[in-house]
Amino acid sequence: MKTPANQNFLRILALLSSMSLAACIQPTQTGALEEEQLYNTNGLQTGHSLFDSDGLAPAASTTSPFIRVGLMWDAPKDTVLEGRFGDGEENWSAWMPIEAYWSEEGAHAGHLNAPENTSQVFQLRVLAGPAPSYLFAEGIDQVAEAISVEAVEGYGRLEQALAPSSLVNSRSSWGARSPSCSSGSHSIYRSTIHHTDTPIPDSITPAARMRQMQDYHMNTKGWCDIGYHFIVDRDGVAWQGRSETVIGAHVASNNTGNVGISFMGSYNSTSPTQGQMDKAKSLLAWLNSTHSLDLDRSHVKGHREYRGNNAGDCPGDKIYSRIGELLGGESNTPDPDPDPDPDPEETTPGNGTVQGVVFVDTGVGTSDMSTRISGASVSANGQNTVAGTGDAMWTMSLPAGTYTFAATADGYDRGTRSCTVLANQEVWCSIGLNAGSGDSNPEEDPGEDYDSDSDGSSESEETADSTGVWGGAPGLDDNGQPKGRIYGYVLEMISASDFDQCEGNRVPKALVRSDSGEWVKADDDGLFEIWVPGGAHTLFAKSAGYLDGGWPCTVAPGGETICCIGLAPETLQGTANDVSEAQEDMELTGCASAPMNSSAGVLPLLLLAGLALRRRKTR
């Protein structure tokens, strides 16, 4: 006899089965690779278009609300773009024309403000004319640059700063506008490498592209000037952005003392030219001789190292892997003729260098590492080291592989992070600690708890094996391909409406496991993040009081995607026959999420096949 709870569960299954698969399979590829990007045609797979035959782009979303959508695009002047904002509940604003505030040589820059002050969902369409050959759009949550109270003497037009004209083309050579404000002076002690993420090959001249970026940074983002200090084009020509003597706008919360050098173009699939590498190397050498910039990986970083170190992020994989060359070193490949009598103090050939800082975790991970914990102990693979004074930097040399690094400090809870060490390369693995008791006892291996029943027994076939990785980590898989990032929420399955747009009651601190062996625990808001090899996967989740659940997810190598997992309360559990009856009329299929990025307004619906309920043993 079916109980009311069982009947409710079957009604849910019937409702899910009646939904059209067309609602499940939505166009979700926006090309965006980085945080807060909505669209980026540079990230689209070869042969794919951002717009469908009706001129409609897939809806795109960001992880946090924005007040404005900024756009740069290349298209004929008769191309008309429109945009609309959504609330994630299928409620949309009216379509609004996107006005170009700057246009030249077929390149444009503009923005559109959210009508309800904030939004997280946006959609584009081409109303008339050809679709843009290049389009970039991002959600902007703040319009203005933090202005320093320290004025810069003679800021004015900034025709040229200290960099000699033999090294850098002056601002007047590309028709730079005067800065709109003073961002303050600084003493240079670090530099960050970027890419502009503009097209390759580029039909726009470098000078025009410079003017487009400056207008976008000033008119759309509200900055004082173009954000970078130097930009290097494909011909190896350097262009002066801001004066290197004033604070830039290129690394959030880390601009002071930081010179931004950007490669013009997009470098995830295309390598920089030798001319670009040589020029950037010359710029860094000049900063070393003029401003005493230390040319090491502690002081010269890729942009991604300040915001999660995710594959595909700025400055692009092809440049990030070669930063060592810019510092006067060799490429990141083994020495073909190693020293037969190496110094025993040198790094073991074939090892990789892993480094990072220990910082106070404010709840946003590596997005804010401003408060460092000097003297913290860091251990992995039998090695121990101490975070240095001041910057709390630590480093280790380890054979290639994936390791769990643990950090402890008085007054803080023990923190861990899994990172993949690459042979003959440098990898960042900063560790955040939460203020607490300072208990340094290792956290229980999640594999020991993941499939335990409420009575303490365990299903042996579900126990984590030696390949399980707590949290997963960015890096390369066994085939040398960059891992993909899957993130989303663990949700309570009460009704079908809970799953639309990944909305619903969230299940905190659920354990999440991938079918490839990685583990992670969702946070207090039910949010999880896990790094897995590219391809189709099933993610399983477990939490006390819920039936175990799972969901199929697909992520491209080096890409990212959202995948939410539904858990049904144990009160909805029926007999095996009940479930079988409900399944008879269902086509067991799942919805793969966006192959390249999570910036999609339409997310997968949770079907029974994705739920993959596994009944707990009854004893």
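Residues numbered from 1 in each chain as written. Predicted model: local features only at pLDDT ≥ 70, side-chain atom pairs only at ≥ 80, totals over all residues. Heavy atoms only, no water.

A look at the overall build of the chain
Across its full length, the chain holds 9 helices and 31 strands. Expressed as a percentage of the 619 residues in the chain, the buried residues total 53%. For the chain, long-range pairs separated by at least 24 residues make up 70% of all intrachain contacts whose partners lie at least 6 apart in sequence. Carbon and sulfur atoms make up 48% of the accessible area of the chain, which amounts to about 26,000 Å² in all. (Helix = DSSP H or I, 4+ residues; strand = E, 2+ residues; numbered from the N terminus. Buried < 20%, exposed > 50% of the residue type's maximum accessible area, 1.4 Å probe, protein only. Contact = heavy atoms within 4.5 Å. Areas by Shrake-Rupley, 256 points an atom, 1.4 Å probe, with all protein chains shown as cover.)

Comments concerning helix α4 (residues 274-291)
Between its terminal C-alpha atoms α4 stretches 25 Å, which fits the 26 Å expected from 18 residues at 1.5 Å a residue. Taken together, the buried positions of α4 are Gln 276, Met 277, Lys 279, Ala 280, Leu 283, Leu 284, Trp 286, Leu 287 and His 291. Buried residues along α4 sit against β10 (190-195), β11 (230-232), β12 (238-240), β13 (258-263), β14 (300-302) and α6 (323-326). In the segment just after α4, Ser 292 is the residue with positive phi, at about 60°. (Expected span 1.5 Å × (residues − 1).)

Side note on the confidence of the model for the chain
For the chain, the mean per-residue pLDDT works out to 75, and 73% of the residues sit at or above 70. When mean pLDDT is taken per element in the chain, β11 scores highest with 98 and helix α2 (residues 21-24) scores lowest with 30. Predicted confidence is poor over residues 330-349, with pLDDT under 50, and the contacts of this stretch with residues over four places away or in other chains come to 10 contacts. Contacts for the low-pLDDT stretch residues 574-619, under 50 throughout, to residues beyond four places or in other chains number 142 contacts. (pLDDT = per-residue confidence, 0-100.)

Re the state of the cysteines
Applying the stated criterion across every chain, the model contains 3 disulfides. Shown here is the disulfide that connects Cys 553 with Cys 563, its sulfur atoms set 1.7 Å apart. One disulfide, between Cys 553 and Cys 563, carries an S-S torsion of -50° and so falls in the left-handed class. Here Cys 553 is found in strand β29 (residues 549-555), whereas its partner Cys 563 is found in the loop between β30 (560-562) and β31 (565-567), with 10 residues between them in sequence. (Disulfide = S-S within 2.5 Å.)

Regarding the sheet that holds strand β6 (residues 100-104)
With antiparallel pairing, 5 strands are arranged side by side in an open sheet as β1-β9-β3-β7-β6. Every interior strand has two partners, whereas the edge strands, β1 (37-40) and β6, have only one. The average angle at which neighbouring strand axes cross in this sheet is 10°, direction not considered. Across 3 bridges, β1 lies against strand β9 (residues 134-140) in antiparallel orientation. Across the sheet, residue Asn 40 finds its bridge partner in β9, namely Phe 136. Relative to strand β3 (residues 68-74), helix α3 (residues 206-220) is tilted by about 170°, and along the sheet it contacts β3, β6, β7 (107-113) and β9. (Pairing = 2+ DSSP bridges. Axes fitted to C-alpha atoms, helices over the stretch in contact; angles between N-to-C directions.)

Observations regarding the pairing of strand β4 (residues 80-86)
In terms of residue burial, β4 counts as a mostly covered element, since 6 of its 7 residues are buried. As judged from the 7 bridges shared by β4 and strand β8 (residues 119-128), these two strands associate in the antiparallel manner. Across the sheet, the residue bridging to Val 80 is Ala 128, located in β8. Where β4 and strand β5 (residues 96-97) come together, 2 bridges link them in antiparallel fashion. Paired with Gly 83 across the strands is Met 96, a residue of β5.

Quick notes on the sheet that holds β12
The strands making up a sheet associate through backbone hydrogen bonding, with each pair oriented either parallel or antiparallel. On the basis of which strands lie adjacent, the open sheet formed by 5 strands has the order β12-β11-β13-β10-β14 and mixed pairing. Sheet topology places β12 and β14 at the edges, where each strand pairs with a single neighbour. Strand-to-strand twist across the sheet, computed as the mean angle between neighbouring axes with direction ignored, equals 25°. Pairing geometry for β10 and β13, over 6 bridges, is parallel. Bridge assignment links Thr 192 to a residue of β13, and that residue is Gly 260.

Regarding the pattern of salt bridges
As a working rule, side chains carrying opposite charge can pair if their charged atoms are close by. A complete count under the given rule lists 13 salt bridges for this structure. Arg 307 is paired through a salt bridge with Glu 34; the nearest N and O atoms lie 2.5 Å apart. One end of the pair, Arg 307, is in the loop between β14 and α5 (317-320); the other, Glu 34, is in the loop between α2 and β1, with 273 residues separating them in the sequence. Summarising the burial analysis for this pair, Arg 307 and Glu 34 share the class buried. We note a salt bridge from Asp 74 to Arg 209, for which the minimum N-O separation is 2.8 Å. (Salt bridge = Lys/Arg side-chain N within 4 Å of Asp/Glu carboxyl O.)

Examining the packing of aromatic side chains
Within this structure, the stated rule accounts for 6 aromatic pairs. Ring centres of Phe 263 and Tyr 267 lie 6.3 Å apart, and the angle between their planes is 75°; on these two criteria the pair is classed as edge-to-face. A single burial state applies to Phe 263 and to Tyr 267, both of which are buried. Linked through ring pairs, Phe 66, Phe 85 and Phe 122 together constitute an aromatic cluster. When the ring centre of Trp 92 is taken as reference, the NZ or CZ atom of Arg 84 above it lies at 4.2 Å. One residue, Arg 485, lies across the ring of Tyr 487, its end atom 3.9 Å from the ring centre. (Phe/Tyr/Trp six-rings, centres within 6.5 Å; stacked < 30°, edge-to-face > 60°. Lys NZ or Arg CZ within 6 Å of the ring centre and 35° of its normal.)

A short note on a negative patch on the surface
Taken together, the side chains of Asp 87, Glu 89, Glu 90 and Glu 503 make up a negatively charged region of the molecular surface. Tracing the chain through its elements places Glu 503 in the loop between β24 (484-492) and β25 (511-514). (Patch = residues over 30% accessible without salt bridge, like charges linked within 9 Å, V, L, I, M, F, W, Y side chains within 5 Å. Lys, Arg positive; Asp, Glu negative; His and termini not counted. Charge placed at Lys NZ, Arg CZ, Asp CG, Glu CD.)

Description of the nonpolar core
Ranked by size, the top nonpolar core spans 30 residues in total, and within it Ile 193, Phe 230, Ile 261, Phe 263, Leu 283, Leu 284 and Leu 287 carry the most contacts. Of all the secondary-structure elements, those providing two or more residues to this core are β11, β13, α4, α5, α6 and β15 (351-360). In terms of residue count, α4 provides more of this core than any other element does, 6 residues in total. If we skip the residues at most four places from it in the chain, Leu 283 touches Leu 167, Val 168, Phe 230, Val 232, Ala 238 and Ile 261. (Core = buried A, V, L, I, M, F, W, Y, C linked by side-chain atoms within 4.5 Å.)

A short note on unusual backbone geometry
Glycine aside, a negative phi is what most residues show, and trans is what most peptide bonds show. At the junction of Ile 200 and Pro 201, the peptide bond is cis and its omega measures out at -10° in the coordinates. Topologically, Pro 201 is positioned in the loop between β10 and α3. Pro 315 follows Cys 314 through a cis peptide bond whose omega is 15°. Tracing the sequence through the fold places Pro 315 in the loop between β14 and α5.

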